[in-house]
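# A closer look at the structure
These are the residues of each chain, in order.
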Amino acid sequence: MAQEDVFKKLVAHCKEYGFVFQSSEIYDGLSAVYDYAQMGVELKNNIKKYWWDSMVLLHENVVGIDSAIFMHPTIWKASGHVDAFNDPLIDNKDSKKRYRADVLIEDLMAKFEAKIDKEVEKAKKKFGESFDEEQFRATNPRVKANQEKMDAVHKRFVEALDKNDLEELKQIIIDNEIACPISGTKNWTDVRQFNLMFSTEMGSTADGSSKIYLRPETAQGIFVNYLNVQKTGRMKIPFGIAQIGKAFRNEIVARQFIFRMREFEQMELQFFVRPGEEMKWFEKWKETRMSWHKALGFSEDKYRFHDHDKLAHYANAATDVEFKFPFGFKEVEGIHSRTDFDLSQHQEFSGKKIQYFDPELNKSYVPYVVETSIGVDRMFLQVMSEAYTEEKIEKEDGKVDERVVLKLPAALAPIKLAVMPLTKKDGLPEKAREIINDLKFDFNCQYDEKDSIGKRYRRQDAIGTPFCVTVDHQSLEDNTVTIRYRDTMAQERVAIDKLYDIMKKEVSMKELFKKMK
Ligand code: ATP
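Residues numbered from 1 in each chain as written. Predicted model: local features only at pLDDT ≥ 70, side-chain atom pairs only at ≥ 80, totals over all residues. Heavy atoms only, no water.

With respect to spatial proximity, 16 residues lie near the ligand, and among them Glu251, Arg260, Met261, Glu331 and Val332 are the closest. Residue Arg249 places a side-chain N or O atom 3.0 Å away from an oxygen atom belonging to the ligand. Here a nitrogen atom of the ligand and a side-chain polar atom of Glu251 are 2.8 Å apart. Within the complex, the protein chains bury 86% of what would otherwise be the 590 Å² of accessible surface of the ligand. Among the elements of the structure, strand E10 (263–273), strand E13 (328–339) and strand E16 (368–375) are those that each provide at least two residues to the shell around the ligand. (Near = heavy atom within 4 Å. Polar contact = N/O pair within 3.5 Å; in protein donor to acceptor, adjacent residues only side chain to side chain. Areas by Shrake-Rupley, 256 points an atom, 1.4 Å probe, with all protein chains shown as cover. Helix = DSSP H or I, 4+ residues; strand = E, 2+ residues; numbered from the N terminus.)

Structure, rendered in structure tokens:
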């Protein structure tokens, strides 16, 4: 199946099974804003818990906060967002569609890369064991030609970004004959800068209202609380502050479902270190974060690091964790070495001394910062894209059945256990309820008595429930049930009092943490 079709099906599945709804749908929706539904909110909360516990419980020197979305407007002046949180936009005059100029160019480079990968894959199949990829890439004329084209675009692109040269960005688009995917024409406007922050007024006009911003990142809430947390928590450098919260960006192009939203959620860690030690910590956090992703057990080849072409004004090193979505490799998380930029700026703009006295060095300094910043929604999409599976099942009578199953890591699944009485009578529903009442304090359970058992299994597969338990007449006699495992569909008879242990082992986040380095 083409990857675009997989993505369309995934989006439809998210709606049909109560994971994600378009915001304000009965009013025809609000562009790039989404609501998490009854299943989605459980999965989202589990993702947040997986991140929070891995940061705050597993690291003695990391604490969390929850700062307000509204902040003093000068914070955004100090951080550089008022002047520089811009994206370069370009319009196609025929379709009237708006694009990010940098994204159009990045997509072009991704096309060259895809062509190269295709050649490499073909050759790998052809030559088998004896294939030397490095030599092939260096000598194959088609690969070399595409690589040269890609390098040439890349060089111009990086230079244009460095110089903030908007005319050159447009020229790259024109020279490479990039066309609008909607109109198919190359009739482009000039490139302009567009600030992504939403603003609003605080206070009534009679009192004299002031313009404030909806935060475009959660990080600044951490920086402006650095002194408070360090002092009241008696934190010693190196230490980190973690936060999960909403962020808002008036994105120019927002067409990929929950990948790019105007209201989204971030999970950020700001880790404060000694000046000069930031590269060591940058490498350490790169490794830790990648192992957090990989502990979920998704295919290894779906992840890569992508170093930034242009460093943000505050960074001296930056990389993205990219995941292979159905629409290609895209950023899920950014890891940045932010130097002492933010704290120094707040020191200057607030007039308050923001320094740390290091007893070992016997001197004071403004700490350096390494940041890890991941979008909850992109992580949600990553998990859903990897979990969504269509399977053909051969039945005993030779017929082929199909099922859609979400192979979610059990610890993240919205519902852990579905309990199903075989019939609605003879005391079976009561027995099923007894099991739920016993387990519901530890696991999210669902009771289901409607339709055939087969249909009920399919419904649970579609929402990723790892365990189903069927209560039948034998259960009343010997306190055993049939447990059915989602991925293998294997079934076995087990004692009801063994259910807790069976499930605990599989659904505990501890099992994921044990896989982390
Ligand atoms: P992009 O280049 O895709 O716009 P970014 O580099 O601006 O992303 P960061 O500022 O590094 O993103 O934000 C950290 C993380 O927050 C991203 O890796 C992503 O997971 C998430 N994020 C950023 N913008 C959005 C958005 N509009 N919708 C959903 N998640 C987002």
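With that settled, consider the layout of surface pockets. Its boundaries defined by the atoms lining it, the second largest pocket holds a volume of some 330 Å³. Along the walls of the second largest pocket sit 17 residues, with Lys49, Lys416, Asp442, Val507 and Met509 positioned nearest its centre. Elements represented by at least two residues in the lining of the second largest pocket include exactly helix H2 (38–57), helix H17 (499–507) and helix H18 (509–515). For the lining of the second largest pocket, the element with the highest residue contribution is H2, accounting for four residues. When grouped by side-chain class, the residues that make up the lining of the second largest pocket number seven nonpolar, three polar and seven charged. Three or more residues apiece are contributed to the lining of the second largest pocket by two domains, here domain 1 (41–84 + 196–375) and domain 3 (394–515). (1 Å grid on protein atoms, 1.4 Å probe; cavity = no way out; pocket = protein on both sides within 12 Å on 5 of 7 lines; lining within 4 Å. Points joined across faces, edges and corners; volume = space filled by probe spheres on them. Nonpolar A, V, L, I, M, F, W, Y, C, P; charged D, E, K, R; others polar. Domains from an automatic or database assignment.)

Turning our eyes to something else, we now look at helix H14 (residues 428–439). It helps to recall that an α-helix has 3.6 residues per turn; residues three or four apart then point in one direction. With twelve residues, H14 extends 17 Å from end C-alpha to end C-alpha; this agrees with the ideal 16 Å at 1.5 Å per step. Within H14, burial applies to Leu428, Pro429, Lys431, Ala432, Ile435, Ile436 and Leu439. Axial view of H14: buried residues confined to an arc of 165°, hence all on one face. Across H14 from its buried face, at more than 90 degrees, point the exposed residues Glu430, Glu434 and Asp438. (Expected span 1.5 Å × (residues − 1). Buried < 20%, exposed > 50% of the residue type's maximum accessible area, 1.4 Å probe, protein only. Arc of directions from axis to C-beta.)

Attention now moves to the packing of aromatic side chains. A complete count under the given rule lists 24 aromatic pairs for this structure. When the centroid spacing of 5.3 Å and the interplanar angle of 35° are considered together, the rings of Phe239 and Phe272 count as tilted. Of this pair, Phe239 sits in strand E9 (residues 239–248) while Phe272 sits in strand E10, and the two are 33 residues apart along the sequence. Accessibility assignment for this pair places Phe239 and Phe272 in one class, buried. An angle of 80° between the planes, with centres 5.5 Å apart, marks the rings of Phe259 and Phe327 as edge-to-face. Note that Phe259 is positioned in the loop between E9 and E10 and Phe327 in the loop between strand E12 (317–325) and E13, a separation of 68 residues in sequence. (Phe/Tyr/Trp six-rings, centres within 6.5 Å; stacked < 30°, edge-to-face > 60°.)

A separate point is the sheet that holds E9. Spatially, seven strands are ordered E3-E9-E10-E16-E13-E12-E11 in an open sheet, and the strand pairing comes out mixed. Either end of the sheet is taken by a strand with one partner, and the two such strands are strand E3 (62–65) and strand E11 (303–307). Direction aside, neighbouring strands of the sheet carry axes that sit 25° apart on average. For E11 and E12, the ladder comprises five bridges, and the chain directions are antiparallel. Note that in E12 the partner of Phe305 across the bridge is Val321. (Pairing = 2+ DSSP bridges. Axes fitted to C-alpha atoms, helices over the stretch in contact; angles between N-to-C directions.)

What the domain assignment lists for the chain is domain 1 (41–84 + 196–375), domain 2 (86–192) and domain 3 (394–515). Distance between the C-alpha centres of domain 1 and domain 3: 39 Å. Listed per partner, the contact involves twelve residues of domain 1 and twelve residues of domain 3. Here domain 1 packs against domain 3, burying approximately 1000 Å² in sum over the two surfaces, 77% of which is carbon and sulfur. (Contact = heavy atoms within 4.5 Å. Buried area = accessible area lost by both parts, 1.4 Å probe.)

Another point: helix H7 (residues 141–163). In this model, H7 (23 residues) spans 33 Å end to end at C-alpha, consistent with the 33 Å of a helix rising 1.5 Å per residue. Residues Val143, Asn146, Met150, Val153, Phe157, Val158, Ala160 and Leu161 constitute the buried set of H7. Buried residues in H7 make contact with helix H5 (101–127), helix H6 (133–139) and helix H8 (166–175). Of the residues flanking the start of H7, the one acting as N-cap is Asn140, its side-chain oxygen 2.9 Å from the backbone nitrogen of Arg142. Asn164 occupies a position one or two residues after H7 and carries a positive phi of about 55°.

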